[in-house]
Amino acid sequence: MSGARAWWRALALGVAALGAGPAGAAGKVAEAKVEIKHFAFMPEALTVAAGTRVVWTNRDDEPHIVVSAGNRFASSKAMDTDDTYATVFDKPGTYAYFCSIHPHMVGTIIVR
Amino acid sequence: MSDHDDNHDHDAVRGRRQFLQCMAWAGAGTLWLMKGGVLQAHALDGLAGGEAADASFSFVQISDSHIGFHKEPNPDVVATLRASLAKINARSSKPDFLLHTGDLTHLSKAEEFDTLSGVMQEAKAPQTFYVPGEHDVIGDNGAEFFRRFGQKQQGGGWYSFDHRGVHFVGLINVLNLKAGGFGSLGADQLAWLKQDLAGLSAETPVVVFAHMPLWTVYPQWGWGTDDSAEAMSYLRRFGSVSVLNGHIHQIQQKVEGKITFYTARSTAYPQPAPGKADAPGPLKDIKPGSLQTYLGVREVRHVRGKQALAVTEEVLA
């Protein structure tokens, strides 16, 4: 029983850390993930708290590049299979982005 | 989004169907004769006779060599590019030049450009004209590509030249792409194109080449160019216009009045036919040993005295 309780506590802490952003209990930056698969960003729209580090991972065999529409955050380099790119979103706002070599691939990070 | 089919039996059936459809467009070589904007198909075997003899010159299009790609279905894209060049070199009538319609490299890396340059030395043709694909302009907006392979006529990298009465135009449609958009020519390039064509008589055969299709092949996968309609409006008055593109790693064609659009095979790997897969990634579902039937080169011959071009497809296998 104690194992199950510890698991629930860890889960609750995890949720709290996500909600609390950079000032979370452990002092760590909250992280959120975007998978790139089948030429799409998943989730296509992601809502995070200010200060969250967003990590993109390319699961396709084709390279992809994360580029901010209007150059509002730093672009990634070309990401080959399983490469990741991460950047921290400090300011609230809606950040549209796309893949510069497959521009029909679009995504949005909403920072609250 | 397209509906996903998670049933494994259905997947197997769909994979088989997809394979057969792809085989239909891979096929054996076909000679296309274009006369007055109408395409006529001939078997490649029948090429030896009069049709080949009345050509005043020919050139060959290769595309999408993707040097640096190393996954299924083709872990050795250098070898298949070499095989393409060997196929060209083995022809009895030598092409006047080659056109490479982009995606020379997979990731715009210096060593990939080095390899491509080295292998292209094996081509027995006096010159190769290049336009970049989106894979050639990563990180530097094409600076390295243009330094090595550009014609340096115009600041934007686009260019034109005349060869034995045919006007050739190389366009760049892989830069300044916008979120949610397709390929893009841009106002500066369109203004140049309008002026470049202005002095030509309507009888001049025109060949336009660019990496991404200059017609909307499949918008769901971004296979088109946002402002290509404007470019086509300048070309409509000509009696014979051939538009040669790459990007989609398969042959697709369309006739629109006197303008005929062609996309070329890749020398590296095939991509699925429009909508026949979840995404336009490399087509891996091919029979072992059959890769070379999906790869190839295109020969274009100028038919003497007819202001017409004949387009021949040739597979590696």
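Going along each chain's sequence as written, the residues are numbered from 1 onward. Chain letters and ligand numbers both follow the written order, the letters beginning at A and the numbers at 1. pLDDT decides what is reported in this predicted model: residues at 70 or higher carry local features, side-chain atom pairs at 80 or more are listed and counted, and totals for whole chains, interfaces and linings draw on all residues regardless. In computing side-chain values, all of the structure's heavy atoms are included and hydrogens and water are not.

> Any chance you could explain the environment of N74 of chain B here in plain terms?
Residues and elements named next belong to chain B. Numbering of helices and strands runs from the N terminus; a helix is a DSSP stretch of H or I covering at least four residues, while a strand is a stretch of E covering at least two. Relative to the elements of secondary structure, N74 occurs in the loop between β3 (55-62) and α3 (77-89). If near-sequence neighbours (up to four positions away) are discounted, N74 is found in contact with F69, T80, T267, A268, L291 and L295. Residues adjacent in sequence count toward polar contacts only when both atoms are side-chain atoms; beyond that, a polar contact is any pair of N or O atoms within 3.5 Å, and within protein one must be able to donate a hydrogen and the other to accept it. Polar contacts involving the side chain of N74 include one to the side chain of T80, which spans 3.0 Å. Within polar-contact distance, the side chain of N74 engages the backbone oxygen of A268 at 2.6 Å. Residue contacts are counted whenever heavy atoms from the two residues lie within 4.5 Å of one another.

> Is there a simple way to explain the pattern of salt bridges in this structure?
Think of it this way: side chains of opposite charge can pair up when their charged atoms draw near. Throughout this description, the term salt bridge denotes a Lys or Arg side-chain nitrogen within 4 Å of a carboxyl oxygen of Asp or Glu. Under the definition given, this model contains 13 salt bridges over all chains. We note a salt bridge from E35 of chain A to R59 of chain A, for which the minimum N-O separation is 3.2 Å. On the criterion of sequence distance, the pair formed by E35 of chain A in strand β1 (residues 31-37) and R59 of chain A in the loop between β4 (52-58) and β5 (66-68) is long-range, its members being 24 residues apart. Note on E35 of chain A: relative accessible area 28%, which makes it partly exposed. As a salt-bridge pair, K71 of chain B and D80 of chain A come within 3.2 Å of each other at their nearest N and O atoms. Here the term buried applies to any residue with accessible area under 20% of the maximum for its type, exposed to any over 50%, and partly exposed to those in between, with areas from a 1.4 Å probe on protein chains only.

> How should the nonpolar core be read in this particular structure?
Where a protein is soluble and globular, its nonpolar side chains tend to be buried together. F59, L85, F168, L171, L197, F209 and L235 of chain B are the most contacted members of the largest nonpolar core, which totals 72 residues. Once residues within four sequence positions are removed from consideration, F209 of chain B is found in contact with L99, T101, F129, V131, Y159, F161, F168, V169, G170, L171 and L244 of chain B. Counting residues in hydrophobic clusters, the runner-up holds 27 residues, among them F39, V54 and F98 of chain A together with L107 of chain B. Only buried residues count toward a nonpolar core, which is a set of Ala, Val, Leu, Ile, Met, Phe, Trp, Tyr and Cys residues joined through side-chain atoms within 4.5 Å.

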